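# Overview (structure and organization)
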Amino acid sequence: MTGTLVLAGTPIGDVQDAPPRLAAELAGADVVAAEDTRRLRRLTQALGVAPAGRVVSYFEGNESARTPELVEELAGGARVLLVTDAGMPSVSDPGYRLVAAAVERGVRVTAVPGPSAVLTALALSGLPVDRFCFEGFLPRKSGERLTRLREVAEERRTLVYFEAPHRLDDTLAAMAEVFGTDRRAAVCRELTKTYEEVRRGGLGELAAWAAEGVRGEITVVVEGAPDKGAEEVDAAELVRRVRVREEAGERRKEAIAAVAAQAGVPKREVFDAVVAAKNADRTAEKNAGN
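To start, this report covers the structure provided alongside it. (Residues numbered from 1 in each chain as written. Predicted model: local features only at pLDDT ≥ 70, side-chain atom pairs only at ≥ 80, totals over all residues. Heavy atoms only, no water.)

So, about the state of the cysteines. In the structure shown here, the tally under the stated rule is zero disulfides. Lacking any disulfide linkage, Cys-133 is separated from the closest cysteine sulfur, that of Cys-188, by 17 Å. Taking relative accessible area as the criterion, Cys-188 reaches 1% and is therefore assigned buried. (Disulfide = S-S within 2.5 Å. Buried < 20%, exposed > 50% of the residue type's maximum accessible area, 1.4 Å probe, protein only.)

Structure (structure tokens):
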């Protein structure tokens, strides 16, 4: 008999949001793997529970090395509880490697659902929530960040990001550059905590606000690209969209197919526009050389 891996959601702010099952799992697990054992200690004290099993650290720095150890515990029949600092394990937090390894060994994986910064921010944003994409953290380097944003410049679903407070102003400025200053967004700060704040507005407005300095845990929700409709997309716009995707690393064939599907036009129309633009560029370069 193999054991069970339990992924447990922890409060993102208010400890009273802890799911009732969390205390029982903390008390009954053979092993509790925690992203930060000090934060775990504060959580267990607040919940009035003492883990009976062994407590080990499981964070980004030791995730690769500790995963095989925990899998062996699971294979031997142990019940292993995985908790992170806040929210659900694996969602921009340690956990994915352990889940994948446990599944590969045939170990049962279950969860104790809990608070989610992604869903909480979406619900509070005032933006469409019927379809959304979670993009996690953007790259720290400016060029890589712009590239990643360009990849979703035409995404019509609502976008959700996590961001560090000291990088928020740069991130919002980059979003305003790629998505447009008027694209609606919401910056959700310190969700469920004492100083919770949701700032809504255009990306340009929010970038100016963030330039003054922002503190706390940040989740950014951005409105998806508007549906322009096939009749509003001219040849130049089709070419621009293909180039954006190519700059992000997509092959031209796939980029053309994606742009055609998104614009609601035949692939041949997009292909012809790209070829015409390429020929025009060559002619311009030739004339300039003469």
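A separate point is the pairing of strand β6 (residues 132-137). Of the pairings in the sheet, the one linking β6 to strand β7 (residues 158-163) comprises five bridges and is parallel in character. Residue pairing in the sheet places Phe-137 in a bridge with Phe-162 of β7. Handedness of the crossover joining β6 and β7 through helix α6 (residues 142-151) is recorded here as right-handed. (Pairing = 2+ DSSP bridges. Helix = DSSP H or I, 4+ residues; strand = E, 2+ residues; numbered from the N terminus. Right-handed = clockwise from strand over helix to strand, strands pointing away.)

Further remarks concern the layout of surface pockets. Of the voids in this model, the largest pocket is the one considered here, and its volume is about 1,500 Å³. As for the largest pocket, its lining consists of 48 residues, and the residues nearest its centre are Glu-35, Asp-85, Ala-86, Asp-93 and Glu-217. Of all the secondary structure elements, the ones that give two or more residues to the lining of the largest pocket are α2 (37-47), α4 (96-104), α5 (117-125), β7 and β10 (218-222). Of the residues forming the lining of the largest pocket, the biggest block, four residues, is contributed by α2. Within the lining of the largest pocket, the residues separate by chemical class into 23 nonpolar, 10 polar and 15 charged. (1 Å grid on protein atoms, 1.4 Å probe; cavity = no way out; pocket = protein on both sides within 12 Å on 5 of 7 lines; lining within 4 Å. Points joined across faces, edges and corners; volume = space filled by probe spheres on them. Nonpolar A, V, L, I, M, F, W, Y, C, P; charged D, E, K, R; others polar.)

The subject of this paragraph is the sheet that holds strand β1 (residues 4-8). Pairing is parallel across the open sheet formed by five strands, whose spatial order is β3-β2-β4-β1-β5. The open sheet has two edge strands, β3 (54-57) and β5 (108-112), and neither has a second partner. Adjacent strand axes in the sheet meet at a mean angle of 20° when their direction is disregarded. Examined bridge by bridge, strand β2 (residues 31-34) and β3 share four bridges and lie parallel to one another. Note that in β3 the partner of Val-31 across the bridge is Arg-54. Along the sheet face, helix α3 (residues 63-75) touches β1, β2, β3 and β4 (79-83) and points at about 155° away from the line of β3. (Axes fitted to C-alpha atoms, helices over the stretch in contact; angles between N-to-C directions. Contact = heavy atoms within 4.5 Å.)

In the Ramachandran plot, Ser-92 falls in the positive-phi region, its phi being about 55° despite a non-glycine side chain. Its place among the elements puts Ser-92 in the loop between β4 and α4. Judged by its relative accessible area of 33%, Ser-92 falls in the partly exposed class.

Glancing now at the nonpolar core. Tyr-161, Leu-168, Leu-172, Met-175, Phe-179 and Val-222 are the most contacted members of the largest nonpolar core, which totals 25 residues. Elements with a contribution of two residues or more to this core: α6, β7, α7 (168-179), β8 (184-189), α8 (203-210) and β10. In this structure, Leu-5, Ala-33, Val-56 and Val-71 belong to the second largest nonpolar core, which totals 16 residues. (Core = buried A, V, L, I, M, F, W, Y, C linked by side-chain atoms within 4.5 Å.)

In this section: the pattern of salt bridges. Tallied over the entire structure, the rule returns 23 salt bridges. In this structure, the salt-bridge partner of Glu-155 is Arg-157, at a minimum N-O distance of 2.9 Å. A salt bridge links Arg-268 to Asp-272; the nearest nitrogen and oxygen atoms lie 3.2 Å apart. Placement of the pair is Arg-268 and Asp-272 together in helix α11 (residues 267-289), with a separation of four residues, close to one helical turn. Residues participating in the shared-partner salt-bridge network are Glu-154, Glu-237, Arg-240 and Arg-241. (Salt bridge = Lys/Arg side-chain N within 4 Å of Asp/Glu carboxyl O.)

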